[in-house]
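Chain residues, written in single-letter form:
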Amino acid sequence: MRIGIGLPSAVPGADARSTGPWAVESEHRGFRSLGAFDRLVYDNLDPLVALAAAAARTERIELVTTVLNAGYRGNPVVLAKQISSLERVSAGRLAVGLGMGGWAEDYAVSNVPMTGRGAALEATLATMRSVWRGELTGPAGPIPALPPGRPRLLLAGFVPAAFARAATLSDGWVAPSFGLQILKRGVDAVRREWARAGRQGQPRIIVERYFCLGPGAPETADAYIARYYGDLYAQVRQDVVTDVDHLRTEIDRVAEAGADDLVLLPCSSGFEQIGLLSEALKQAGRKP
């Protein structure tokens, strides 16, 4: 199982200028991917902007949105062009985890209804793929086509329709950042739908977990999770890694459940978190 690390782009109060150095150090430490997730009404960087900053400072590490919310982004051609631009800037290192987004306030400020999101996502995907194939053109020429199969695309969601979309319309599934049983049920469902669609191989499964290490880690994690998740705090907090033993356990649990990638998202923007996580992985007998 590949292990990645999240950028600090969704930690409130984080210095946006730390994105590049964080990416450089993460690549140096051997992490396999850099993750960034999406919110609108929140103190975070747009994930495509954050990953573009990371792409400019790195050469090998994969760049992953976990996930990018397409539901309230009104123009799929613009979104496809932004994603294509990042794919080109990063020299093909982008994997796009795409979802609808479930925060009501993000939809409200966008004047987009939360009904009909599944059909809207499918229409968005169809349009974006047309862009990526180079089919949109004008007097000055087309939007350049990307190589076949690029960017890598995975879909999120944890209802039956979402599992079917992930298996038939993408390369795999991005699981929620908490809930072992949710992960297990989702892996089984996506693999079942994948086989039913007659696809070769297996879907790629990416799962995230939050982490915070070092002095005061539990308290920092408490504050972060409470602020972001509110009423869901207790459900999420039990899966947040704050020590080596829990890290070892969580890696084993998600690997056994069928995850191909684990992206560990920071609850703190402290630069020392990269080294602390790297050392913790060594103590747990794992490599990124």
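Residues numbered from 1 in each chain as written. Predicted model: local features only at pLDDT ≥ 70, side-chain atom pairs only at ≥ 80, totals over all residues. Heavy atoms only, no water.

Visitor: Can you lay out the packing of helix α1 (residues 19-28) against helix α2 (residues 47-57) for me, pointing to particular residues and giving the numbers?
Guide: Interaxial distance between α1 and α2 falls to 8 Å at its minimum, and their mutual angle equals 55°. One way to sum up the angle between α1 and α2 is to call them oblique. With respect to the hand of their crossing, α1 and α2 are arranged in right-handed fashion. Contacts between α1 and α2 involve Thr19, Gly20, Pro21, Ala23 and Val24 from the first element and Ala50, Ala53, Ala54 and Arg57 from the second. Counted by class, the contact of α1 with α2 contains 6 nonpolar, 2 polar and 1 charged residues. (Axes fitted to C-alpha atoms, helices over the stretch in contact; angles between N-to-C directions. Helix = DSSP H or I, 4+ residues; strand = E, 2+ residues; numbered from the N terminus. Parallel < 35°, antiparallel > 145°, perpendicular 65-115°, else oblique. Left-handed = near helix turned anticlockwise from the far one by under 90°. Contact = heavy atoms within 4.5 Å. Nonpolar A, V, L, I, M, F, W, Y, C, P; charged D, E, K, R; others polar.)

Visitor: I'd like a rundown of the packing of helix α7 (residues 180-196) against helix α10 (residues 244-257), residues and numbers included.
Guide: Helix-helix packing is described using two parameters, namely the angle between the two axes and the distance between the axes. With their axes 9 Å apart at the nearest point, α7 and α10 run at an angle of 25° to one another. With respect to α10, the axis of α7 lies roughly parallel. Helix-helix and strand crossings are classified by hand; for α7 and α10 the assignment is right-handed. Judged by residue contacts, Leu180, Leu183, Lys184 and Val187 of α7 engage Arg253, Val254 and Ala257 from α10.

Visitor: Tell me what's going on with a nonpolar patch on the surface, and back it up with residues and numbers.
Guide: Together, Leu40, Val41 and Val109 make up a nonpolar patch on the protein surface, roughly 240 Å² of accessible area in all. Along the chain, Val109 falls in helix α4 (residues 104-110). For Val109, a relative accessible area of 53% gives the class exposed. (Patch = residues over 30% accessible without salt bridge, like charges linked within 9 Å, V, L, I, M, F, W, Y side chains within 5 Å. Areas by Shrake-Rupley, 256 points an atom, 1.4 Å probe, with all protein chains shown as cover. Salt bridge = Lys/Arg side-chain N within 4 Å of Asp/Glu carboxyl O. Buried < 20%, exposed > 50% of the residue type's maximum accessible area, 1.4 Å probe, protein only.)

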